[in-house]
Amino acid sequence: MSTLTDHLETLSNARGISGAETGVRRALRPLLEGHVDKLWVDGVGNLFAHKAGTGASPLRVLITAHMDEVGLMVVGHTGEGALRVDTVGSIAARVLPGLSVLVGEDALPGVIGVQAIHRANRGDLDKAPGTDKLAVDIGATGKDEAERLAPLGTPVVFATRFRQLGASCMGKAFDDRAGCTALVALLRGERFPFDLFGVFTVQEEVGLRGAQVAAYTVVPDVGIALEGTLADDLPKEEPDVSPTTELGKGPAITVMDRSYITPPRLLSHFVQVAEAEGLAYQFKQPGIGGTDSGGIHRARAGVPAITVAVPCRYIHSPVSMLRESDLAGLVSLVDVAARRLAPSILDRSA
Ligand SMILES: [Zn+2]
């Protein structure tokens, strides 16, 4: 297993829904210690890693990856001792029934209850119950026990464990532990000409919140968000519909999503670097999703930002799939493109 895959395994298996990212922060620290000049955590829980530059470039560069994953939160208890839950971040209720989950700090095993097929009405078999109709069963024998084991606000995550499948990897939360893995690799590498602030952000899935705070703190000249993004190349329902991104075709560069539009010069810089170096890349189909760049570009007096992502199938579900070469390609592209950034690329006055 490569170092990259090894780190992806550690970070994918770590647990951290939005607002409860402690487990991911804990998993990241040992991967960064000794490779960066300073590590600290801010008031909202963002983990900052500062790597001083060689002094050759005057720029301050912010690279982010979000620590939080989508999941569930306990919002109530039934008389029988089951947990009522609500989603944190966007998850389609139809993927939830019957899943194994882990509840709270102590990772109590549980299952999202589903009515046995024997008892279901014929008409209900094809319908997915809403999240408000679902209950997580942790084996508690009554309401008191359930309240003690999993009080209101307890986070619930998918119990999926990481697996390597040849050239591919399967696991939970690749959005955005793939980005976190790539940022770790960049921070462990050679010094950059500029001061690099790598920030592992909180609460991206509920509104790009940590990145906005991080950009306010760092006052960067440019922001780069590393992501695990949607790849809907499988299963193909309509063969003539072009997928958002595809596995194995390299990292995906965002031109525009619902949260921001990439400045043209910055966009063409990344494309030119990829072309010049013969690095695989693809564009993410415009208009879909939001990323930390949406938070970064609105900070202070405005920050040019770009998002580059590893295509991942089945994101925001219990299991995602990615290709290791796309993850390695993201690290290479961002490494080279960042090293060649010049103030003229970021100048929007002309
Ligand atoms: Zn994401």
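Description of the structure in this document. (Residues numbered from 1 in each chain as written. Predicted model: local features only at pLDDT ≥ 70, side-chain atom pairs only at ≥ 80, totals over all residues. Heavy atoms only, no water.)

With that settled, the discussion passes to the pairing of strand S3 (residues 60–66). With 6 of 7 residues buried, S3 is to be regarded as a mostly interior element. In terms of strand pairing, S3 meets strand S12 (residues 195–201) through 7 bridges, oriented parallel. Each residue of the ladder has a partner; that of Thr64, found in S12, is Val199. When S3 meets strand S13 (residues 222–231), the two strands line up parallel, connected through 4 bridges. (Buried < 20%, exposed > 50% of the residue type's maximum accessible area, 1.4 Å probe, protein only. Helix = DSSP H or I, 4+ residues; strand = E, 2+ residues; numbered from the N terminus. Pairing = 2+ DSSP bridges.)

Glancing now at the layout of surface pockets. Size it by volume and the largest pocket reaches roughly 920 Å³. What lines the largest pocket is a set of 38 residues, and nearest its centre among them are Leu230, Ala231, Ile288, Ile315 and His316. Among the elements of the structure, S13 and strand S16 (305–313) are those that each provide at least two residues to the lining of the largest pocket. It is S13 that contributes the most residues to the lining of the largest pocket, 5 residues altogether. In terms of residue class, the lining of the largest pocket is made up of 14 nonpolar, 13 polar and 11 charged. Each of domain 1 (3–69 + 172–346) and domain 2 (71–121 + 129–158) gives at least three residues to the lining of the largest pocket. (1 Å grid on protein atoms, 1.4 Å probe; cavity = no way out; pocket = protein on both sides within 12 Å on 5 of 7 lines; lining within 4 Å. Points joined across faces, edges and corners; volume = space filled by probe spheres on them. Nonpolar A, V, L, I, M, F, W, Y, C, P; charged D, E, K, R; others polar. Domains from an automatic or database assignment.)

The next subject is the sheet that holds strand S6 (residues 100–103). Whether parallel or antiparallel, the strands of a sheet pair through hydrogen bonds between backbone atoms. With antiparallel pairing, the 6 strands of this closed barrel are ordered in space as S4-S5-S8-S7-S6-S9. Across the sheet, the axes of successive neighbouring strands diverge by a mean angle of 45°, strand direction being ignored. Looking at chain direction, S6 and strand S9 (residues 155–158) are connected through 3 bridges and run antiparallel. Counterpart to Val101 in the pairing with S9 is Phe158. (Axes fitted to C-alpha atoms, helices over the stretch in contact; angles between N-to-C directions.)

Counting across every chain of the model gives 4 aromatic pairs. The interplanar angle of 85° and the centroid separation of 5.7 Å between the aromatic rings of Tyr281 and Phe283 together place this pair among those described as edge-to-face. The ring of Tyr216 has Arg300 sitting right over it, with the charged end atom 4.1 Å from the ring centre. (Phe/Tyr/Trp six-rings, centres within 6.5 Å; stacked < 30°, edge-to-face > 60°. Lys NZ or Arg CZ within 6 Å of the ring centre and 35° of its normal.)

Scope: geometric values only; no functional claims are made or implied.
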